[in-house]
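# Working through the structure, step by step
Below are the chains, spelled out letter by letter.
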Amino acid sequence: MNTFEAYGAIAHVYDQLNAEIDYNSWADFVESCFDRFLPRRPTLVLDLACGTGSMTEQLASRGYDMIGIDASADMLSRAYERCARFPGTLLLQQDMRSFELYGTVGAITCCLDSLNYLLREEDLLSCFRTSHNYLDPDGLFLFDMNTPYKFETVYGSNAYILEDELIFGKGEDDEERAAIYCGWQNSYHPESGICEFDLSLFEELPDGTYRRSDETQRERAYSMECVKRLLEQAGFFLLGVFADWNFSPVTNATERRYFCARAIKS
Ligand SMILES: C[S@@+](CC[C@H](N)C(=O)[O-])C[C@H]1O[C@@H](n2cnc3c(N)ncnc32)[C@H](O)[C@@H]1O
């Protein structure tokens, strides 16, 4: 099994680059799924590929006992800081294709296209099988994936620059700002469904010079049929696929699909 190495260069600015994502509303959606598809809300939840712990923290703050798993030590160290006020939270550096827990959980979340990082069908199946193994009977698996439509039309082979500011310090008086620029160059290969993202990060240092770090990430597009087939193979029943957090139906132009699956154990 190949190992996952990305996210070393950008972990420290990851939250800043994703600041517009409203995890509070996303967690509302997660709880709506619990209420819609479970007889009662779970007590223990696993946030798979938790990254810097945005969803882990949201759910911990709502009273769930949380476990976070991620392959990247750099991302996990941010999650550790973020979840420090919830000392019961367990953070583990493991691979989502073959992780191990002490027991089962009532639900698993896996947010922000983390499953697209698995580049082979056998990797995705392995993740589904391991997740099924660690879910209670009828437990929920909630995940989202970028659609082939998004890879073809939004990512494509486009390049863009994101300009932002890092803000240090706690109060207005001791606040310091540093510019960051993140350049993205995408190259999508329709025959394999794999998109490469070449990221270059330029961070302003206190002396006014810039530090450059580079990283390549890869995601794979999976068709709806493929995800359904692999879920079934792993023992899941697909309860629904939605286009947003309001349970809207998916269309041909949906860029992110939200899947809700139930672990069937007989
Ligand atoms: C786009 S980030 C999403 C992080 C987090 N779920 C969020 O909502 O911010 C994708 C995450 O998947 C993790 N990841 C990718 N491949 C992995 C693997 N094979 N096992 C565990 N984590 C993995 C990365 O380290 C990264 O933290």
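This text goes with the structure placed above it.
Residues numbered from 1 in each chain as written. Predicted model: local features only at pLDDT ≥ 70, side-chain atom pairs only at ≥ 80, totals over all residues.

## Some points on the overall build of the protein chain
Per the secondary structure count, the protein chain includes 7 helices and 11 strands. Computed over the C-alpha atoms, the radius of gyration of the protein chain is 19 Å, within 12% of the 18 Å expected from 2.2 N^0.38 for a compact globule of 266 residues. Overall, the C-alpha framework of the protein chain stretches about 65 × 45 × 35 Å when taken along its three principal axes. Of all 266 residues assigned to the protein chain, the portion counted as buried reaches 33%. A sequence separation of at least 24 residues applies to 65% of the contacts in the protein chain between residues at least 6 apart. (Helix = DSSP H or I, 4+ residues; strand = E, 2+ residues; numbered from the N terminus. Rg over C-alpha atoms; globule rule 2.2 N^0.38 Å. Buried ≥ 20, exposed ≤ 12 C-beta atoms within 10 Å, placed from the backbone. Contact = placed C-beta atoms within 7 Å.)

## A look at unusual backbone geometry
With a phi close to 60 degrees, L112 is a non-glycine residue in the positive phi region. Structurally, L112 can be placed in the loop between β4 (105–110) and α5 (121–133). With 19 C-beta atoms packed within 10 Å, L112 lands in the partly exposed category. Look at D113: it is not a glycine, yet its phi comes out positive at around 50 degrees.

## Some remarks on the site of the ligand
The immediate surroundings of the ligand are formed by 20 residues, with A49, G51, A71, S72 and L112 found nearest. Along the lines of polarity and charge, the residues of the shell around the ligand split into 11 nonpolar, 5 polar and 4 charged. (Near = placed C-beta within 6 Å. Nonpolar A, V, L, I, M, F, W, Y, C, P; charged D, E, K, R; others polar.)

## Description of the pairing of strand β2 (residues 65–70)
Of all 6 residues in β2, 5 are buried, a share of seventy percent or more. Inspection of the sheet shows strand β1 (residues 44–48) paired to β2 by 5 bridges, in the parallel sense. Within the sheet, the bridge partner assigned to D47 lies in β2 and is G68. On the question of chirality, the crossover connecting β1 to the parallel β2 by way of helix α3 (residues 54–61) is right-handed. (Pairing = 2+ DSSP bridges. Right-handed = clockwise from strand over helix to strand, strands pointing away.)

## What about the pairing of strand β5 (residues 135–146)?
In terms of residue burial, β5 counts as a mostly covered element, since 9 of its 12 residues are buried. Pairing of β4 with β5, which is carried by 5 bridges, proceeds in the parallel orientation. Paired with I108 across the strands is F141, a residue of β5. For the crossover that starts at β4, traverses α5 and ends in the parallel β5, the hand is right-handed. As judged from the 7 bridges shared by β5 and strand β11 (residues 256–263), these two strands associate in the antiparallel manner. The residue bridging L140 from the neighbouring strand is R262, located in β11.

## Re the packing of α5 against helix α7 (residues 224–234)
Two quantities define a packed helix pair, namely the angle between the helix axes and the distance between the axes. The N-to-C vectors of α5 and α7 enclose an angle of 40 degrees; their axes lie 9 Å apart at closest approach. One way to sum up the angle between α5 and α7 is to call them oblique. In this structure, α5 meets α7 at a crossing whose hand is right-handed. Residues E121, L124, L125, F128, R129 and H132 of α5 touch α7, and the partners they reach there are C226, L230, L231, Q233 and A234. Tallied by class, the residues present in the contact of α5 with α7 amount to 7 nonpolar, 2 polar and 2 charged. (Axes fitted to C-alpha atoms, helices over the stretch in contact; angles between N-to-C directions. Parallel < 35°, antiparallel > 145°, perpendicular 65-115°, else oblique. Left-handed = near helix turned anticlockwise from the far one by under 90°.)

## Quick notes on the environment of I67
Relative to the assigned elements, I67 resides in strand β2. On the basis of neighbour counts, which here come to 23 C-beta atoms within 10 Å, the residue I67 falls in the buried class. Along the backbone, I67 and D47 are 20 residues apart, and their C-alpha atoms lie at a distance of 6.1 Å.

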